[in-house]
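Structure at a glance
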Amino acid sequence: MNKNMPSRVLVVCLGNICRSPMAEGVLRHHIQSMGLRIKVDSAGTSGHHQNEPPDLRAQQEMRRRGMDISSQRSRPLVRKDFDRFDVILVMDHSNLEDALAIAGPRTEWRNKVGLFLEDSEVPDPYYGGASGFAQVHDLVDSAAWRWVEQWKEHQDQP
Ligand code: 4NP
């Protein structure tokens, strides 16, 4: 994956109501605090929850950390996203497989996709309790810092 600072980043999970809305909120927060100009959006590989706001447990966990994600709405990942976004970060291996199936054979598009946690997965908290959402927050928070720092380091490179 290209390390240069992207203009647009998309984060992706299955339903776009738990993990990727939290990752979107956290990334946007860190990008702002570092003074960078990167647009962030999120999507789900399934359109099952289209137009729904984030899961209340995700909203609550984020509110507890000072971030309001209540205005986000779920939307499905579409082919056009591979053109529009520079980097597409997914939460688990199943999202990776599904996203690559939507991308199709173009190497340029496939190379935009990677795991949000570089060598592991952000576990799906949907069927668990509140502690799963706190764990998702902690995982995406530390990974988001790493991404933003890496992009900032490469911001002036051609
Ligand atoms: P997410 O969590 O992929 O982190 O948004 C899920 C939300 C809904 C479902 C599964 C995972 N579901 O099966 O409806």
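Worth saying up front: this structure is predicted, and the values here are computed from it rather than measured.

Right, let's talk about the sheet that holds strand β4 (residues 113-115) for a bit. Within the open sheet, the four strands sit side by side as β2-β1-β3-β4. Their pairing is parallel. If you trace the sheet from one side to the other, it starts and ends with β2 (39-44) and β4, each paired once. With direction set aside, neighbouring strand axes in the sheet form an average angle of 25 degrees. Packed onto the sheet, helix α4 (residues 93-103) meets β1 (8-13), β3 (87-90) and β4 and runs at close to 175 degrees relative to β4.

What follows is about empty space enclosed by the protein. According to the stated counting rule, one finds one cavity of 30 Å³ or more in the structure shown. Size it by volume and the largest cavity reaches roughly 40 Å³. What lines the largest cavity is simply Phe-116, Glu-118, Ala-143, Arg-146, Trp-147 and Gln-150. Split into classes, the residues belonging to the lining of the largest cavity amount to three nonpolar, one polar and two charged.

Taken together, Cys-13, Leu-14, Gly-15, Asn-16, Ile-17, Cys-18, Arg-19, His-49, Asp-124, Tyr-126 and Tyr-127 form the complete shell of residues around the ligand. Residue Arg-19 places a side-chain N or O atom 2.8 Å away from an oxygen atom belonging to the ligand. Here the ligand, which alone exposes 350 Å², has 90% of that area covered by the protein. Here the ligand is seated within the largest pocket.

Going through the model one piece at a time under the given rule, you end up with three aromatic pairs. Ring centres of Tyr-126 and Tyr-127 lie 4.9 Å apart, and the angle between their planes is 80 degrees; this geometry places the pair in the edge-to-face category. Residue classification places Tyr-127 among the exposed residues on the basis of a relative accessible area of 76%. Positioned over the ring face of Trp-109 is Arg-106, at 4.3 Å from the centre of the ring.

In this structure the tally under the stated criterion is 10 salt bridges. Arg-75 is paired through a salt bridge with Asp-81; the nearest N and O atoms lie 2.9 Å apart. Using a relative accessible area of 0% as the deciding quantity, one classes Asp-81 as buried. Each of Asp-41, Arg-75, Asp-81 and Arg-84 takes part in one network of salt bridges that share partners.

The next subject is the packing of helix α1 (residues 19-33) against helix α6 (residues 130-153). In contact at an axis separation of 9 Å, α1 and α6 are set at 40 degrees when each is read in the N-to-C sense. Taken together, the axes of α1 and α6 are oblique relative to one another. The handedness of the crossing between α1 and α6 is right-handed. Of α6, the residues touching α1 (which contributes Arg-19, Met-22, Ala-23, Val-26, Leu-27, His-30, Ile-31 and Ser-33) are Phe-133, Val-136, His-137, Val-140, Asp-141, Ala-144, Trp-145, Val-148 and Trp-151.

Now for the environment of Thr-107. Within the secondary structure, Thr-107 sits in helix α5 (residues 107-110). Given the relative accessible area of 52%, Thr-107 is considered exposed.

Criteria and thresholds
Residues numbered from 1 in each chain as written. Predicted model: local features only at pLDDT ≥ 70, side-chain atom pairs only at ≥ 80, totals over all residues. Heavy atoms only, no water. Pairing = 2+ DSSP bridges. Helix = DSSP H or I, 4+ residues; strand = E, 2+ residues; numbered from the N terminus. Axes fitted to C-alpha atoms, helices over the stretch in contact; angles between N-to-C directions. Contact = heavy atoms within 4.5 Å. 1 Å grid on protein atoms, 1.4 Å probe; cavity = no way out; pocket = protein on both sides within 12 Å on 5 of 7 lines; lining within 4 Å. Points joined across faces, edges and corners; volume = space filled by probe spheres on them. Nonpolar A, V, L, I, M, F, W, Y, C, P; charged D, E, K, R; others polar. Near = heavy atom within 4 Å. Polar contact = N/O pair within 3.5 Å; in protein donor to acceptor, adjacent residues only side chain to side chain. Areas by Shrake-Rupley, 256 points an atom, 1.4 Å probe, with all protein chains shown as cover. Sits in = over half its atoms within 2 Å of the grid points. Phe/Tyr/Trp six-rings, centres within 6.5 Å; stacked < 30°, edge-to-face > 60°. Buried < 20%, exposed > 50% of the residue type's maximum accessible area, 1.4 Å probe, protein only. Lys NZ or Arg CZ within 6 Å of the ring centre and 35° of its normal. Salt bridge = Lys/Arg side-chain N within 4 Å of Asp/Glu carboxyl O. Parallel < 35°, antiparallel > 145°, perpendicular 65-115°, else oblique. Left-handed = near helix turned anticlockwise from the far one by under 90°.

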